[in-house]
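# Residue-level structural notes
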Amino acid sequence: MGEYALGQPVPRSEDPRLLKGGGRYVDDIVLPRMAFGYVLRSPHAHAKISLIDTSEAKAAEGVLTVLSGEDWAATGYGDVPSGGRRSRRDGSPMYVPPFPALVKDRVRRVGDYVAFVVAETLDQAKDAAELIEVDYDPLPAIISTGDAPEPGAPLVWDDCADNICFVHLGGDKGAVEEAFAKADHVIEQKFVINRVTANPMEPRGCIGDYDATEDHYTVYTTLQGVHPYRASLAGDIFKVPESSFRVIAGDIGGSFGMKSAVYNEVPLVLWASKIIGRPVKWISDRSEALMSDAHARDSVSVGELALDKDGKFLGLRVTTVANLGAYLSSGGVNWPVNNLGTLAGVYTTPAIHVDVTGVFTNTNSTRPYRGAGRPEAAYVIERLIDLAADELGIDPTELRRRNMIPPDAMPFKTGLTFTYDCGEFEKNMDMALEMADYANFESRREEARSRGRLRGIGISNSIERAAARGVEGAEIRFDRTGTATILSGSVTQGQGHETVYKQLVCDRFGLEPDEVHYVWGDTDKVPYGHGTGGSRSATLGGSALYLAANKIVDKAKRIAAHMFEAADEDIEFEEGVFTIAGTDRSVTMKEVARKANDIDSLPDGMEPGLIGSAVYTARVMNFPNGCHVCELEIDEDTGHVDIVGYNVVDDVGTVMNPMLLEGQIQGGVAQGAGQALMEDIAYDPETGQLITGSFMDYAMPRADDLSAIEVGNNPVPTKTNPLGVKGAGEAGNVGALPAVANAVVDALSVLGIRHIAMPATSERIWRAIQEAKQA
């Protein structure tokens, strides 16, 4: 309603509090008598432990306890959850390694969990950790993703003889083979998709507080869903009733998928709290985060695209080896598989087949990170299309146009997994090309060449699944004065949930934002929920609120009818006001809410109060889509890349708040461009030592690495949910990775360069330029 209606660019409700220092992050929490924990981590990628002597550390000043893998094993607690079940190529179950909170006799990656020290201060805990004597017998390590399944590679787990965790096959192999047999052109390219990490502004952290009088655990931590988290801690690890746990999340400074897993430190602080009878806090620093936060991406794919003489796509074949790390993080087997449907893109390719092998290496675990397989898939298909356009001598936009799914083909069953319900893919591209002034690009390329710079333009048409099958809960409570409280199972990490959910409620009930209170992230306050992830919060969290609001309106109509002494069916409701049809008699929702608590003002048999709760079930996913156009220049002498223009047109269905949407898209673009150009987790291939262990070595994109990012919208509302929304949280990343990569190659194409690996750093580009000139 008015300036706070859905669709209005309402500024974020959260920002004034955060900008004034009112954030409530986990490290801001100080509990009485709180102690501090520190993890002693392995310096080796692979080694046997022949001795752990903690005696000197236990005697150190301020030390309250020192815990080892032997101690953990003696508790009978369960492993850290890994989740997911797949099969190997022969149909046998996938290999699931043990994952104790502390290792006992062998380390399998740099940063592995060897001991946990708790002391009065963090410095005392660190000092004591240096007194722990550990004798390591180093073993050969396997770091390379592509080499891990090869015969003779060092084994991460002795009883996993080939380092293979699982194999996933999808699509129609026979149809693909037929398509390739009759193809006029086959384009093949190997794609090494580099490992990155999330690097949120707030590192991970947790506080465990065990109450012996009630045998009850409370944990404050950084996560994406408090209710599933509580179930994992209680049921999988500590093996106690879920009601014995309370999980609390305050403000969370970014996550991007990385923080949603249960990490070892959480059971460690809870266990330590139970031992010493005091709360225990653990907070990661940045170097520890780069070592221990779950990493992302890291796969090697060979893509093959079959085309006929006119450039029509006949078939696509992709074989991938995906690096899972040494242990299975929660969701670790999902990112290589769950979003393979994005390989189909927005194209009519009739036959697609995928072969994915998940392998173990002596590296940190990987898990879903913004996009979770979508950017990798979009990168493969969109790079193959540009390579095909180059070989066939067809403009990349024209080749895409010849193969694009038209709107009148909806619903469209792709060659792999997905059935799209709606979308205007060609219109997206036309709008983005116009925004980017694509028609006049060649003149800009010539002008840049005169300055000794190589100018390129890259396009990607991306599509992804969002809000996959799942549930979310929400509740709206009106109080006695007519103001409302929202309780949402979704957990915000900076996306702006509070703003959009308040908009939804204000729009429906005619309230002002300061009349709505937002509660999230506490299992003792929010009755039911799942959490945030996979671009689901608008679809599932928003729809749950929508259904809860409907229940309130239904009850409030009966109360209004009783107040008017009118029939229920004569009451109309619009923009927060109830009226008797055909009259000017009216009453606001706030007035009805006040009456709802007066038993003398209610119809006979009606319970007092105005509360609506709902659990929304998403049975069908939705498909946000869009077109990205990146324009950049490369300094021929240094290889330095300057992004000079970036334009996006997205279809995310109903736009709930264009200001927040623009921020989501821009943030995703920055992360996609970061991976394409500079971000890289690198290990020494022989020793397995982490080379990029600080921001001195791990390059993060800055504002001056990007141009302005112009965002346009082509909303095609979906009918798969009540609000017509499609997910937006990951869209920017999905489209940016291939768009930036295509732009780099296009700039270098004048030198005969057809492909360059990620990240396309200045050094890598400079070397490619020198090799091309020598050739």
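Described below are features of the structure shown in this document. (Residues numbered from 1 in each chain as written. Predicted model: local features only at pLDDT ≥ 70, side-chain atom pairs only at ≥ 80, totals over all residues. Heavy atoms only, no water.)

### Here's the deal with the overall build of the chain
Within the chain, the secondary structure is distributed over 18 helices and 28 strands. The C-alpha radius of gyration of the chain comes to 28 Å, within 12% of the 28 Å expected for a compact globule of 775 residues. For the C-alpha atoms alone, the extent of the chain along its principal axes is close to 90 × 70 × 50 Å. Expressed as a percentage of the 775 residues in the chain, the buried residues total 59%. (Helix = DSSP H or I, 4+ residues; strand = E, 2+ residues; numbered from the N terminus. Rg over C-alpha atoms; globule rule 2.2 N^0.38 Å. Buried < 20%, exposed > 50% of the residue type's maximum accessible area, 1.4 Å probe, protein only.)

### A few points about the environment of serine 42
Within the secondary structure layout, serine 42 lies in the loop between strand S1 (35-41) and strand S2 (47-53). Sequence-wise, serine 42 and threonine 583 are 541 residues apart; in three dimensions their C-alpha atoms are separated by 76 Å. In contact with serine 42, not counting residues within four places along its chain, are Val107, Arg109, Val110, Gly111, Asp112, Val114 and Tyr136. Only 2.8 Å separates the side chain of serine 42 from the backbone oxygen of histidine 44, close enough to count as a polar contact. (Contact = heavy atoms within 4.5 Å. Polar contact = N/O pair within 3.5 Å; in protein donor to acceptor, adjacent residues only side chain to side chain.)

### Things to note about the packing of aromatic side chains
By convention here, two paired aromatic rings are described through the distance between centres and the angle between planes. Inspection of every chain in the model, using the stated rule, returns 21 aromatic pairs. Between the aromatic rings of tyrosine 501 and tyrosine 518, the centroid separation amounts to 6.2 Å while the plane-to-plane angle is 65°, which identifies the pairing as edge-to-face. Within this pair, whereas tyrosine 501 is found in helix H13 (residues 497-509), its partner tyrosine 518 is found in strand S21 (residues 516-520), the two being separated by 17 residues in sequence. Neither tyrosine 501 nor tyrosine 518 differs from the other in exposure class; each is buried. (Phe/Tyr/Trp six-rings, centres within 6.5 Å; stacked < 30°, edge-to-face > 60°.)

### Quick notes on the sheet that holds strand S6 (residues 133-138)
The three strands lie next to each other as S4-S2-S6, forming an open sheet whose pairing is antiparallel. Both outer strands of the open sheet, strand S4 (106-107) and S6, are each paired with one neighbouring strand and no more. The pairing of S2 with S6 spans six bridges and is antiparallel. In the sheet register, isoleucine 52 faces S6, and the bridge partner there is valine 134. (Pairing = 2+ DSSP bridges.)

### Thoughts on the pairing of strand S13 (residues 296-307)
Of all twelve residues in S13, eleven are buried, a share of seventy percent or more. Pairing between strand S8 (residues 185-196) and S13: eleven bridges, direction antiparallel. The partner of isoleucine 193 across the bridge, within S13, is serine 299. The pairing of S13 with strand S14 (residues 313-323) spans nine bridges and is classified as antiparallel. When the sheet's bridge partners are listed, serine 301 is paired in S14 with threonine 320.

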